[in-house]
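# Coordinate inspection notes
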Amino acid sequence: MAEQPMIVHDPAGVRLATHPDYPVFKHVVPLPSISLMDSIGAATLENFFIVAEAWASVVSRFAPTGASVLDIGCGCGRTARLLLLRPDLTYLGFDVFKPAIEWAEAYLSPLSGGRFRFAHVDGHSAHYNPRGALASRDVVFPAADGRTDVAFAASLFTHLLEPDAEHYLAESARCLRRGGVLVASIHDEPPPGVRYAGREDRIDVERGYFVTLAGRAGFALREDLGALCGQTALAFERR
Ligand SMILES: C[S@@+](CC[C@H](N)C(=O)[O-])C[C@H]1O[C@@H](n2cnc3c(N)ncnc32)[C@H](O)[C@@H]1O
């Protein structure tokens, strides 16, 4: 069977506006445009909110009071918008899809009193940033060594080729303090006999192999969180 062509998210086609159907209320985080929701795979507002609540709950569970949080592949801040309700947290999100970062900087950061910031990294992704200047395996996370308490990657490893995933695990380990936690989701249904499979529009990895890759980067599995919004979520501790 012929392979399906890869859908490419074109930054030029994205509206840096709020959602057309809902007004913006003072002190309330606005909703992103439909094109931004499309860019993170949220086909409906219901899905957008369910995924947001699920990830914010899980991240909050692992984030001690005053935690510094790193959101790897943050998109337009779907999880960040609920983490904003925790006044003790500081947060840095980054992503290769520039419109999402521009939107989050414009609409979320101002509501955070300087605690939340969003950064663009120009890593190449055939699906999300085909004109990216850097190979993803050369991306340096915009965070200092050993200062992050909780890092999370919501549906990010589901889009990373194996060498990029290995590099992102190593960068996560560099940024986390000892004992810090990485929560990451994967699709874990590669074809039989294959450990790591797919293209940047959907990657599958054997759960055990992902734990091995994380182990090589300096992580121990702390908790298998099971199913989370159609993916499998794992919490690792930085050794
Ligand atoms: C399915 S979306 C999830 C976005 C966000 N985590 C959320 O839950 O709303 C996947 C995100 O990963 C980002 N992404 C893909 N490859 C990346 C890379 N190499 N580095 C950083 N972000 C990447 C995409 O631009 C996209 O925003």
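Residues numbered from 1 in each chain as written. Predicted model: local features only at pLDDT ≥ 70, side-chain atom pairs only at ≥ 80, totals over all residues. Heavy atoms only, no water.

## Section: the side chain of S109
Note the threshold: Per the convention used, a helix needs a DSSP run of H or I reaching at least four residues, while a strand needs a run of E reaching at least two, with both numbered from the N terminus. Should any heavy atoms of two residues lie within 4.5 Å, those residues are counted as being in contact.
With respect to the helices and strands, S109 occurs in the loop between α4 (98-107) and β3 (116-120). Setting aside residues no more than four positions away along its own chain, S109 makes contact with A104, G114, F116, R117 and F118.

## Comments concerning the packing of helix α5 (residues 162-175) against helix α6 (residues 207-217)
Threshold: Angles shown run from 0 to 180 degrees and are taken between the N-to-C directions of axes, each axis being a line fitted to C-alpha atoms and, for helices, limited to the stretch in contact. Angles are sorted into four bins: roughly parallel if under 35 degrees, roughly antiparallel if over 145, roughly perpendicular if 65 to 115, and oblique for all others. Rotating anticlockwise by less than a right angle from the far helix to the near helix defines a left-handed crossing, while the corresponding clockwise rotation defines a right-handed one.
Taken N-terminus to C-terminus, the directions of α5 and α6 make an angle of 45°; their axes are 8 Å apart at the nearest point. By the criterion of interaxial angle, the relationship of α5 to α6 is oblique. Crossing angle aside, the handedness with which α5 passes α6 is right-handed. Taking contact as the criterion, the partners of E162, E166, L169, A170 and A173 in α5 are, on α6, Y209, F210, L213, A214, R216 and A217.

## A closer look at α4
The following threshold applies: Each residue's exposure class comes from its accessible area (1.4 Å probe, protein chains only) as a fraction of the maximum for that residue type: buried when under 20%, exposed when over 50%, partly exposed otherwise.
Within the sequence span of α4, burial applies to P99, A100, I101, W103 and A104. Of the surrounding elements, those touching the buried residues of α4 are α1 (34-39), β2 (90-95) and β3.

## Some words on the site of the ligand
The condition is simple: A single heavy atom is enough: if one lies within 4 Å of a molecule or strand, its residue is considered near that molecule or strand. Definition of a polar contact: a pair of N or O atoms within 3.5 Å, with one able to donate and the other able to accept a hydrogen when the atoms are protein atoms, and with sequence-neighbouring residues admitted only if both atoms are side-chain atoms. Surface accessibility follows the Shrake-Rupley procedure with a 1.4 Å probe radius. Residue values consider only the protein chains on display as shielding. Here a cavity is any set of points on a 1 Å grid over the protein atoms alone where a 1.4 Å probe fits but cannot get out, and a pocket is any open set with protein on both sides within 12 Å along at least 5 of 7 lines; a residue lines the site when it has an atom within 4 Å of a point. Assignment of a molecule to a cavity or pocket requires that more than half of its atoms lie within 2 Å of the corresponding grid points. Polarity classes work like this: nonpolar for Ala, Val, Leu, Ile, Met, Phe, Trp, Tyr, Cys and Pro, charged for Asp, Glu, Lys and Arg, and polar for all others, with Gly in that last group.
Close contacts around the ligand come from 16 residues, with G73, R78, D95, A154 and Y168 the closest. Residue G73 places a main-chain N or O atom 2.7 Å away from a nitrogen atom belonging to the ligand. Burial of the ligand by the protein amounts to 97% of the accessible area it has alone, namely 590 Å². Under a 2 Å grid-point criterion requiring more than half of the atoms, the pocket assigned to the ligand is the largest pocket. Among the residues forming the shell around the ligand, the class breakdown is nine nonpolar, five polar and two charged.

## Quick look at unusual backbone geometry
Even without being a glycine, H27 presents a positive backbone phi close to 65°. Mapped onto the elements of the fold, H27 is located in the segment before α1. One non-glycine residue, C229, lies in the positive phi region at around 50°. Positionally, C229 belongs in the loop between β8 (219-228) and β9 (231-238).

## Some remarks on the pattern of salt bridges
We apply this condition: Basic side-chain nitrogens of Lys or Arg form a salt bridge, by our definition, when they fall within 4 Å of a carboxyl oxygen of Asp or Glu.
Enumeration according to the criterion identifies nine salt bridges in this entry. R199 is the salt-bridge partner of D201, the closest N and O atoms lying 2.6 Å from each other. On the basis of relative accessible area, D201 is assigned to the partly exposed category, the value being 26%. Here R199 falls in the partly exposed class, since its relative accessible area comes to 21%. Between E237 and R222 there is a salt bridge, with the nearest N and O atoms lying 3.3 Å from each other. Linking E237 in strand β9 with R222 in strand β8, this pair joins segments that are 15 residues apart in sequence. Residue E237 is classed as partly exposed on the basis of its relative accessible area of 31%.

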